[in-house]
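Commentary on secondary and tertiary structure
Here is how the chains run, residue by residue.
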There are 2 protein chains.
Amino acid sequence: MAGRPREFDRDKALEKARDAFWTRGYEGTSMADLVSALGIASARIYAAFGSKEDLFREAVGLYEANEGGFATRAFAGETTARRAIERMLREAVETYTQPGRPQGCMVVSAATNCAIENDRVQEWLAEHRRTRTLSIVERLNEAVRDGELRPDTNAAALGDYYATLMHGLSVQARDGVPKKRLHDLITVAMQALDARLAGVPEFQHHFAKQP
Amino acid sequence: MAGRPREFDRDKALEKARDAFWTRGYEGTSMADLVSALGIASARIYAAFGSKEDLFREAVGLYEANEGGFATRAFAGETTARRAIERMLREAVETYTQPGRPQGCMVVSAATNCAIENDRVQEWLAEHRRTRTLSIVERLNEAVRDGELRPDTNAAALGDYYATLMHGLSVQARDGVPKKRLHDLITVAMQALDARLAGVPEFQHHFAKQP
DNA sequence: CTAATTCTTTGTTGATCGATAAAGAATAAA
DNA sequence: TTTATTCTTTATCGATCAACAAAGAATTAG
């Protein structure tokens, strides 16, 4: 063991790689781009991270453990589904529109138009999105079981609805739609959940589960 | 003028190019891919279409004139905003999930993670999305002026909301979410508009414009 | 010290990228 | 027919792609 110690900070390098991939995506970021972003020769990148694909996967992991962890954080930190969903959406918007930072969601935008040889990477991110959708549905199902939401609530449709909206938020943020407009549309979107809360009888006939 | 007549069908070739770009995106589709998809040598592609970028722009134009024209069609073909918005969303889902066809929206997914040298292409598609968002907002503003929607309706937020949802639908469709689930979440989303329709007094206090 | 190990530097690999040059083939105008 | 024009074929261009080989440099273990 031992040997010559690494001269650069691996964690700092990974952060720079995450930002590069977040901004330009997997294929949009070349090894030459990474060399100049990390400030180290390509051979050193390969020695430290394995391959471009390995580096990307590790960079996405870092993203999800921090900026991209709004869903996990919201579900862990809020006691009601109503507050968790809203917090998730509003934290997503904050993350997607941070000034001086890459815009949008790395998981949504980093690998959507890949060449056939990078299909595995694209599919890997798609699986992350599907898992996130599932976790939202599951939280809403829990809310129905808990009695927070009416028993006839279609939690699957409601969860798909919020997941779809969140993925759309990433597109809009990347297109430069200002933060305030995104927050305003979230306000509109929260009404679907409010209408399903137990104890709001006048809405019941309008928002009943589809047959 | 005149000269040797072209031996291949330019329109058919453009359709094949549109499908290739729709499936794999601008950068994900190489000239070699186009050569095999169109069945003609690269020099003939350049003679007929100029460059890869010119071909892509023409392919997007074809997409928008047909499959991707659901928004324009809905606004032209429906007399109420309520029906226009729903038709736009449901036709979008049909387009995004057509069996045996490229999934999702070409305008949303064909150029989201591009290298810096293709920024113009990426920005060009973003401009298309912003224009589409604007057209939705404008239709809702019209509905407020017409009295279809309550005068205190925040048409900008409502339009952003439906544009965001539509862009999210493309992500979900690409991820393989089945058509039925997408239609079900649209049903949830239509309630935001229903709640703003004139003549539904009991909703007024819940869906009032933000201060 | 020596030997083993790991990192850094430098230069380069073969493959693929988008794009085109050059020459031959097929048409219309004169 | 001659000439001009346009398309097709073939072969390739220089640039860039991700990845690595080889040798030198710096450390620890023994």
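Here is what the cut-offs are and how they apply
- Residues numbered from 1 in each chain as written.
- Chains lettered and ligands numbered in written order.
- Predicted model: local features only at pLDDT ≥ 70, side-chain atom pairs only at ≥ 80, totals over all residues.
- Heavy atoms only, no water.
- Near = heavy atom within 4 Å.
- Polar contact = N/O pair within 3.5 Å; in protein donor to acceptor, adjacent residues only side chain to side chain.
- Least-squares fit on C-alpha atoms with pLDDT ≥ 70 in both.
- Contact = heavy atoms within 4.5 Å.
- Phe/Tyr/Trp six-rings, centres within 6.5 Å; stacked < 30°, edge-to-face > 60°.
- Helix = DSSP H or I, 4+ residues; strand = E, 2+ residues; numbered from the N terminus.
- Buried < 20%, exposed > 50% of the residue type's maximum accessible area, 1.4 Å probe, protein only.
- Buried area = accessible area lost by both parts, 1.4 Å probe.
- Salt bridge = Lys/Arg side-chain N within 4 Å of Asp/Glu carboxyl O.
- Nonpolar A, V, L, I, M, F, W, Y, C, P; charged D, E, K, R; others polar.
- pLDDT = per-residue confidence, 0-100.

**Some thoughts on the protein's contact with DNA strand D**
- Taken together, 23 residues form the shell around DNA strand D, and within it M31, Y46 and K52 of chain A together with A2 and E7 of chain B come nearest.
- Backbone atoms, meaning sugar and phosphate, form 73% of the atoms of DNA strand D found within 4 Å of the protein.
- Between M31 of chain A and DNA strand D, the recorded distance is 2.6 Å, taken from a backbone N or O atom to a phosphate oxygen.
- The contact in question runs from a phosphate oxygen of DNA strand D to an N or O atom on the backbone of E7 of chain B, over 2.6 Å.

**What to know about the relation of the copies chain B and chain A**
- Its rotation angle being 180°, the transformation that places chain B on chain A also includes 0.0 Å of axial translation and leaves an RMSD of 0.1 Å. Such values leave the two copies arranged in the relation of a two-fold axis. In terms of proximity to the rotation axis, the leading residue of chain B is G168 of chain B, whose C-alpha is 1.8 Å off the axis.
- Interface residue correspondence from chain B to chain A reaches 98%, placing this contact among same-surface, isologous pairings.

**Re the packing of aromatic side chains**
- Within this structure, the stated rule accounts for 15 aromatic pairs over all chains.
- Plain terms: the ring middles of F21 of chain A and F56 of chain A are 5.0 Å apart, the flat faces sit at 85° to each other, and that makes the pair edge-to-face. Of this pair, F21 of chain A sits in helix α1 (residues 10-24) while F56 of chain A sits in helix α4 (residues 52-65), and the two are 35 residues apart along the sequence.
- Ring geometry for Y26 of chain B against F56 of chain B: centres 4.9 Å apart, planes inclined by 55°, an arrangement best described as tilted. On the criterion of sequence distance, the pair formed by Y26 of chain B in the loop between α1 (10-24) and α2 (31-38) and F56 of chain B in helix α4 (residues 52-65) is long-range, its members being 30 residues apart. F56 of chain B shares its class with Y26 of chain B; the two are buried.

**Brief notes about the interface of chain B and chain A**
- Taken together, the 46 residues of chain B in the interface contact 45 residues of chain A.
- Note on chain B versus chain A: buried area summed over both sides is about 4,100 Å², and carbon and sulfur give 53% of it.
- The interface formed by chain B and chain A contains six salt bridges.
- Salt-bridge contacts for D160 of chain B lead to R181 of chain A; the nearest nitrogen and oxygen are separated by 2.7 Å.
- Our enumeration of links across chain B and chain A arrives at 19 residue pairs in polar contact (both at pLDDT 80 or more).
- Put simply, the parts of the chain that give the side of chain B that touches chain A at least two residues each are α7 (106-109), α8 (119-146), α9 (155-174) and α10 (179-194) of chain B.
- Top element by residues in the side of chain B that touches chain A is α9 of chain B. It accounts for 13 residues.
- For the side of chain B that touches chain A, the per-class residue count stands at 21 nonpolar, 15 polar and ten charged.

**Some points on the environment of A110 of chain A**
- Its location among the elements puts A110 of chain A in the loop between α7 (106-109) and α8 (119-146).
- A110 of chain A sits in the buried class, given a relative accessible area of 1%.
- C-alpha separation for the pair A110 of chain A and K52 of chain A, spaced 58 residues apart in sequence, amounts to 14 Å.
- Here A110 of chain A is in contact with F21, G25, Y26, F56 and L125 of chain A together with N113 of chain B, once residues within four sequence places are set aside.

**Things to note about the confidence of the model for chain A**
- Counting all residues, the mean pLDDT for chain A is 94, and 94% of those residues have values of 70 or more.
- Note that residues 202-211 of chain A has pLDDT below 50 and, in this model, 18 contacts with residues that lie over four places away or in other chains.

**A few points about the protein's contact with DNA strand C**
- Around DNA strand C, 23 residues are found, and the nearest of them are A2 and E7 of chain A together with M31, Y46 and K52 of chain B.
- Near the protein, within 4 Å, the atoms of DNA strand C are sugar or phosphate in 72% of cases.
- The separation between a base oxygen of DNA strand C and a polar side-chain atom of S42 of chain B is 3.3 Å.
- Those elements that place two or more of their residues in the surface near DNA strand C are α3 (42-49) of chain A together with α2 and α3 (42-49) of chain B.
- Partitioning the surface near DNA strand C into residue classes produces twelve nonpolar, five polar and six charged.

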